[in-house]
Every structure is written in structure tokens, then in C-alpha cells.
Amino acid sequence: MNFIEAQEDMRKSYFGGGPGAFASGIVWLTAGITALISTKQISVFVFFFGGMLIHPIGIMLSKALNRSGKHEKGNPLSYLALESTFILFIGLFIAYLALQIRPNWFFLIMILIIGGRYLIFSSIYGMRIYWVFGATLILSGIGGSFFNAPFHLIGLIGGIIEILFSCIIIYLEKSKIK
């Protein structure tokens, strides 16, 4: 399997990653709303435990969109996807440490890390939209830090951006079917 075939397999299997981004957006929104109506700590728990559900929900949504939700065995890009997940865990650890000192930095750190991870998705799926997606999240995090955005606001912004881009990605993938 060459690089282009590997990207096509990933795109086809996971509907371009749109369903996973949608699930992630729901987690971000839920955590942001939780922060607004409850505490930062509960919001972080929602974000953490909801984050564990992103991949399985993304697979279920891919299957609901008539995709397999499973790449071909031996697809070399599956390793890159897994490796980028470790970056996410490192970011989560850093964000958790920051939560102890500067609670408002938790979502700022996470939006930067996840934005960086989406830049990698451009290589996994072969879709340049992920550069724009990742850059939008990163710029939102940078802007949020400059303007000292309230804790909940970055959660809400992250969710809105993820859901918006997931819809664009799903639309782009659907338009290829026709």
C-alpha cells in the first residue's frame, strides 16, 4: 500500500475523520457548558471521560454513514494516528498540571495541543482542510490567552470549531461520493 492509497483507506474508513471531530466537538461543548453551570473540576472530568468516548463514537458515526470505521490491516498511517494520540496524552498531562496552578490555562493548552494534532491529520487523511482546522484551533487558543478568556469560553469555542469543521469534512466526503 503506497502513501496515497493509505490516505484514501483512512479517508474512506473514517469518513475523512469528520465523525470523530464531531464527537470531539460535542465533548468540548459539553465540558464548556459544564464549566459555565458547574465547576472547573467537574468540567475537566467531563472533558477527560468524554474524551475517552470520542473514538468509539466516531467509529459508530462512521458506520452510520455507511463507512467501515476500520482501516485496512497494514495501513502504515494507523501508526501515525496512534502516535499522535500520545501527543494528546502528554498535552492532557501538562494541562492537568497547569490546572493546579492556573486553572484558566487548561482548555487553552488543550485547544493548542488538539490543534497541533489536527495538523497531523492532514497527512493521515490527505486533506488540507485539516491545516485550516488545526490553525483555527491554535489561533483560538492564542487569542484566548491574549484576551484572558474565561475558562468555559475556550471549551465552547473549541466545540463550535470542531463541529463546524466536522460538518465541512463530512460535506467534502459526501460530495466525492456523487
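Residues take numbers from 1 onward in each chain, read along the sequence in its written order. In view of the model being predicted, local features appear only for residues whose pLDDT reaches at least 70, and side-chain atom pairs are presented and counted only at 80 or more, with totals across whole chains, interfaces and linings using the full set of residues. With hydrogens and water excluded, all non-hydrogen atoms of the structure serve as input to the side-chain values.

Asker: Give me the lowdown on unusual backbone geometry, citing residues and values where you can.
Answerer: Phi is positive for N66, which is not a glycine, with a value near 65 degrees. For the purposes of this entry, the term helix denotes a DSSP run of H or I that reaches at least four residues, the term strand denotes a run of E that reaches at least two, and both are numbered from the N terminus. The residue N66 is located in the loop between α3 (40-64) and α4 (77-101) in this model.

Asker: If you had to explain a nonpolar patch on the surface to someone new, which residues and values would you point to?
Answerer: Each patch is built from residues that are more than 30% exposed by relative accessible area and take part in no salt bridge. Like charges join if they lie within 9 Å; nonpolar side chains (Val, Leu, Ile, Met, Phe, Trp, Tyr) join within 5 Å. Accessible surface area values rest on a Shrake-Rupley calculation with a 1.4 Å probe, where residue burial reflects the displayed protein chains alone. Salt bridges are defined by distance alone: a side-chain nitrogen of Lys or Arg within 4 Å of a carboxyl oxygen of Asp or Glu. Together, F45, F48, F49, M52, L53, I57 and M60 line one region of the surface with nonpolar side chains, adding up to about 710 Å² of accessible area. For every residue, the accessible area obtained with a 1.4 Å probe (protein chains only) is divided by the maximum for its type, and the residue is called buried under 20%, exposed over 50%, and partly exposed between those limits. Under the relative-accessibility criterion, I57 is labelled partly exposed at 34%.

Asker: Got a sec to walk through the layout of surface pockets? Specific residues and values, please.
Answerer: Definitions used for this entry: grid spacing 1 Å over protein atoms alone; cavity, a set of points where a 1.4 Å probe fits but cannot get out; pocket, an open set with protein on both sides within 12 Å along at least 5 of 7 lines; lining residue, one with an atom within 4 Å of a point. Grid points are joined across faces, edges and corners, and a volume is the space filled by probe spheres set on the points. Within this model, the largest pocket holds a volume of roughly 910 Å³. In terms of lining residues, the largest pocket is bounded by 33 residues, among which I54, H55, T85, L88 and R117 are the most central. Listed by contribution, the elements that provide at least two residues to the lining of the largest pocket are α2 (18-37), α3, α4 and α5 (105-125). When residues of the lining of the largest pocket are assigned to their parent elements, the largest contribution, 9 residues, is made by α3. Each residue receives one of three labels: charged for Asp, Glu, Lys and Arg, nonpolar for Ala, Val, Leu, Ile, Met, Phe, Trp, Tyr, Cys and Pro, and polar for the others, Gly being one of them. Among the residues making up the lining of the largest pocket, the classes are represented as 22 nonpolar, 10 polar and 1 charged.

Asker: An account of the environment of A98 is requested, with residue identities and associated values reported.
Answerer: Inspection of the secondary structure assignment puts A98 in helix α4. Residue A98 is classed as buried on the basis of its relative accessible area of 11%. Sequence-wise, A98 and I109 are 11 residues apart; in three dimensions their C-alpha atoms are separated by 8.5 Å. Contacts were defined at the residue level, with two residues in contact if any of their heavy atoms lie within 4.5 Å. Excluding anything up to four places from it in sequence, A98 contacts P103, W105 and I109.

Asker: If you had to explain the nonpolar core to someone new, which residues and values would you point to?
Answerer: Across soluble globular proteins, you tend to see nonpolar side chains buried next to one another. Of all hydrophobic cores here, the largest spans 38 residues; its most connected members are F47, F106, Y130 and F133. Apart from the residues lying within four places of it in its own chain, the contact partners of Y130 are G16, G17, G18, Y118, L119, F121, S122, Y125 and I169. In these notes, a set of buried Ala, Val, Leu, Ile, Met, Phe, Trp, Tyr and Cys residues joined through side-chain atoms within 4.5 Å is what counts as a nonpolar core.

Asker: Before we move on, can you summarise the packing of α2 against α5 with the specific residues and values?
Answerer: For helices, the fitted axis covers only the stretch in contact; all axes are lines through C-alpha atoms, and the angles between them, taken along N-to-C directions, range from 0 to 180 degrees. Following both chains from N to C, one finds α2 and α5 inclined at 175 degrees, their axes separated by 13 Å at the closest point. Here α5 runs roughly antiparallel to α2, going by the angle between their axes. Contact residues: α2 offers A21, S24, W28 and A31, while α5 offers F107, M110, I111, I114 and Y118. Note on terminology: angles under 35 degrees are roughly parallel, angles over 145 are roughly antiparallel, angles of 65 to 115 are roughly perpendicular, and the others are oblique.

Asker: Quick one: what's the story with the pattern of salt bridges, residue by residue and with numbers?
Answerer: Tallied over the entire structure, the rule returns 2 salt bridges. Note that R67 is salt-bridged to E173, the shortest N-O span being 3.8 Å. In this pair, R67 is assigned in the loop between α3 and α4 and E173 in helix α7 (residues 151-177), connecting sequence segments 106 residues apart. Residue class for R67 comes out buried when judged on its relative accessible area of 12%. Residue K176 is joined to E173 by a salt bridge in which the shortest nitrogen-to-oxygen separation is 3.3 Å. Residue K176 and its partner E173 are located together in helix α7, separated by 3 residues, close to a single helical turn. A residue is classified by how much of its surface remains accessible, and E173, at 5% relative accessible area, is buried. The network of salt bridges with common partners includes R67, E173 and K176.

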